[in-house]
Structures are given as C-alpha cells and as structure tokens.
Protein chains: 2
Amino acid sequence: MWPASLRDSPVKSVLLTNGDIDHIGGLLTLREKQPLTIFLTRALDDILSDNPVFSALDAACVKRVVCELNEWRDILPDMRAKFFAVPGKIPLFMETGGVETEMLGGQTVGVAVESNGARLLYVPGCSKLTAEIEAMADGADALFFDGTLYRDDEMIASGLGRKSGFRMGHMPMTGPGGSLELLAEMNVKRKIYIHMNNTNPVWRPGSAERETVERAGVEIGYDGMEVLL
Amino acid sequence: MWPASLRDSPVKSVLLTNGDIDHIGGLLTLREKQPLTIFLTRALDDILSDNPVFSALDAACVKRVVCELNEWRDILPDMRAKFFAVPGKIPLFMETGGVETEMLGGQTVGVAVESNGARLLYVPGCSKLTAEIEAMADGADALFFDGTLYRDDEMIASGLGRKSGFRMGHMPMTGPGGSLELLAEMNVKRKIYIHMNNTNPVWRPGSAERETVERAGVEIGYDGMEVLL
C-alpha cells in the first residue's frame, strides 16, 4: 500500500503448511500494510479466523486464498504449487486430550512447487512417510523433509520434554519408522532435512549423527540456505 | 518445568499494558514450558482468551493473574506494581469502525512499580496526559512515556500511513496536545521516551528534534537500556 522505497518486504506469497505457532506466528510480523497473498487450506484458514489477532493482516492488502488439497494454484508468474495431505496432527494449542497423530486432512500438509520444469516438495511436518508421498516425490529436484528429531525419544532422554517425536506429529530420522532409510532410497536429486529441533545432534558439526545423515545422501538445512534448481 | 541449565529464561513476570500485537505477540515466543506469571487486567485477559493461539502458554507453567485497576500486587519479592487507566483505545485488530481514542478502562493501562523505596511509572501508550497521571508521577524516580511520534501527522507526512498519532491512540511529543511540554514541567527524576515509531526523527543522532527533547530534560530510550534507580 505504501511506497516500496520507504517500507518494503520481498515476501510476496506465503504458503501455510501447518497451524502451529512456529508456522503462523511470523504472520504477525508481516502485518504492516505490505501487500501479500497467503495460500492455505480451509482448515488452516479456520484457525486464523478463530484467532482475531490475525485480522491484523489487513484484508485490504493481505489476500487469503483458500486452496483445495491437490489443486494446483499459480502462486507467482511461472510458478505453481499445490498442497497435499501429510500424516500429522492439529496444533498443540488446540489439543484438548487424546490426539490423532496420523490425521490426514488440511491441518498438516506438504506443498509441491513447480517452476520452469523444476519440481520440489516441502514437507516440514510428517508423522509417517507414506507411499503416496514417496510416489509424489519420485523424480523431483528437491525434497525438504521433516527433520525435527534424530531419535524418537530425544526430548525425553534429554530431559526437555515428556513427548516422543511421533506424539508431536514428527517421525524421527532414525529408529523404527524413521525417515532416513526411506529418504536414502528415494529418487530425488537433493534431499534436505529442515525443521530440526535444537535437541537434534545433527546440528553439531562433526557429530556421528550428522555424518550418518550425510552419508545417506541427505543434507542438513540451515537458516539462510539457498537452493538453486 | 525443565532443568534451568538446559532451557532457561530470565523472564519471571510479564506485565501487560496493552492488547495490541506489539505487546502480546512476544508471549508466543515465551511458550516453551518456562514458568512465568503474567499480570494483566480483565480486559487484556479477555483478549488472550479470545485468541486460542495464546493457550500455547500452558496453564501448567504460565500463571495469569488478573488485576483490578489501582490494586497493588506483589510481582517479585520486594517489588509491587499496580495498573492504572490511561486514555487510549482498543487494539487495531479489534477495531470495527469508529474508535474511541481516549477510552479509560483496562485496554490501555500504565503501570506503577515500587521497590525498596524507588518508584517508576511505565506508560507506553497514551493519547492524553491527564492530571491524574501527572499527579501519580509526581516525585517518581522514573517515568517511561509514550514517544511514538514526534509530530501528530508524521505517518501521513512521510507517506507511510493515513492516521494521525491521536487516531492511533498516541499523543505526539510536540504540537497541540503534545507530551514534551508537560513532561518538561513534571517533578520526576528521569523522564524517558519509549515506544518510538521508526518514523520518529528523535532516533537520528544529532537531529534537531532529538536535541529539542534532550534540552527539555527527557531521554530517548533504546533497546537494551538499563536504568538503575
């Protein structure tokens, strides 16, 4: 709305893949009248609507585009994207008791992005790497995948929490039901772990865990990482 | 809840003085199971309750203490505080049309803090410096006061907004109804402007506006400022 030279943000579009605070909280710092389009599922739009604080994203300049699962949308010129269901759960702040951690719906989603013949998948939260996700990733140029924990009991073992990775809606990298073995077998050019918790030992340069991941052909993402496809 | 040596925060208490995002947004980054007490008015507690996202502040470790206006509360050993009404308005994200900008209630408040004989007032948002606030500040060791804008039409003149300072619930430093002349006359040891908008020319070292403020005996607060009373 205001001259780009005075206040500007390079963020033109946001694709929401989860309704928890680490995914939606940043929207509150994008509120200063910057034109912006938020692409999101109906379930995530409901979460924003249920929290009046998000009406700070003034509808006069911030457009919300509700997308169906598996529906391609043009998000920029020459770039399209679609959301797809990923096993997961509702946001922690909405939990009221027993929680379904392999829910398939619009609450936890991945996103596929295509541009000029390149294709990537972005899956920051996933409790189970299904055959459907594997099939969708087959032949992709990049797969960004949930690397929250290295071991399922990591939070408990470190004394920082009472929950397993699976309970938090995140499959661990290793151990039963881990993602690393599956990723290692996949036909994807670049496989990159993202969303690592600060308990994850892969953060430590030279750690045995980091070496295990890298030897399996998976990269460890980091803040400011740039990926050219 | 968890060992202080692994994850810790020095923040033991939070006193909320406003329900807008620049005041409540930070609570979402204090959510990782740190014991904490939030002191707030009924009106501000209602705002948090109306936004489910704030239930991320797990009631098992984050205590909310609803305070009446003008009621002293012990916030730490040897430290007490009370909220008092300050002319202001409801949060921007709750505005629906015409807005009362000199509302007196629990939506915009100041806080008085006393400890070991020292006394300070903290008033980050204020549309009118009333005789009641002046009387309360009389003889205080420090007054932190709303310094959002230097001129009432600053946002408009700079092309960054359509609203005057008064419309945003903030009296400007200078011009009709400005705070600087009033502060200059007040019997308070240290007077410190806080909450400056990034359009406020007092940020610029050596600016005429900064000099005007400092010559009137008022300091310009800054991130990381420490004040010993």
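Note: the structure precedes this text.
Predicted model only: the values in this text are computed from it and were never measured.

Asker: Pulling in residues and values, what's your account of the overall build of chain A?
Answerer: Counting secondary structure elements, chain A contains 6 helices and 10 strands. A principal-axis box enclosing the C-alpha atoms of chain A has dimensions of 50 × 45 × 35 Å. Looking at chain A residue by residue over its 229 residues, the buried ones come to 51%. Counting only contacts in chain A whose residues sit at least 6 apart along the sequence, the fraction spanning at least 24 positions is 62%. Total accessible area computed for chain A in this model is approximately 10,900 Å², and 51% of it derives from carbon and sulfur atoms. Counting 23 positive and 32 negative side-chain charges, chain A places the averaged centre of each group 3 Å from the other.

Asker: Residue-level account of the pairing of strand β3 (residues 62–67) of chain B, with values.
Answerer: Within a regular strand, side chains alternate between the sheet's two faces. Residue and element names in this part refer to chain B. Pairing geometry for strand β2 (residues 36–41) and β3, over 6 bridges, is parallel. Within β3, the position partnered with Thr37 by the bridge is Lys63. Viewed along the sheet, the connection from β2 through helix α2 (residues 42–49) into β3 turns out right-handed.

Asker: With reference to specific residues and values, describe the sheet that holds strand β3 (residues 62–67) of chain A.
Answerer: Residues and elements named next belong to chain A. The parallel open sheet is built from 3 strands, whose spatial order is β1-β2-β3. Both edges of this open sheet fall to β1 (13–15) and β3, since each of them pairs with a single strand only. Here the strands of the sheet are splayed against their neighbours by 20° on average, with no regard to which way each runs. Helix-sheet contacts for helix α2 (residues 42–49) involve β2 (36–41) and β3, and the interaxial angle to β2 is about 115°.

Calculation notes
- Residues numbered from 1 in each chain as written.
- Chains lettered and ligands numbered in written order.
- Predicted model: local features only at pLDDT ≥ 70, side-chain atom pairs only at ≥ 80, totals over all residues.
- Heavy atoms only, no water.
- Helix = DSSP H or I, 4+ residues; strand = E, 2+ residues; numbered from the N terminus.
- Buried < 20%, exposed > 50% of the residue type's maximum accessible area, 1.4 Å probe, protein only.
- Contact = heavy atoms within 4.5 Å.
- Areas by Shrake-Rupley, 256 points an atom, 1.4 Å probe, with all protein chains shown as cover.
- Lys, Arg positive; Asp, Glu negative; His and termini not counted.
- Charge placed at Lys NZ, Arg CZ, Asp CG, Glu CD.
- Pairing = 2+ DSSP bridges.
- Right-handed = clockwise from strand over helix to strand, strands pointing away.
- Axes fitted to C-alpha atoms, helices over the stretch in contact; angles between N-to-C directions.

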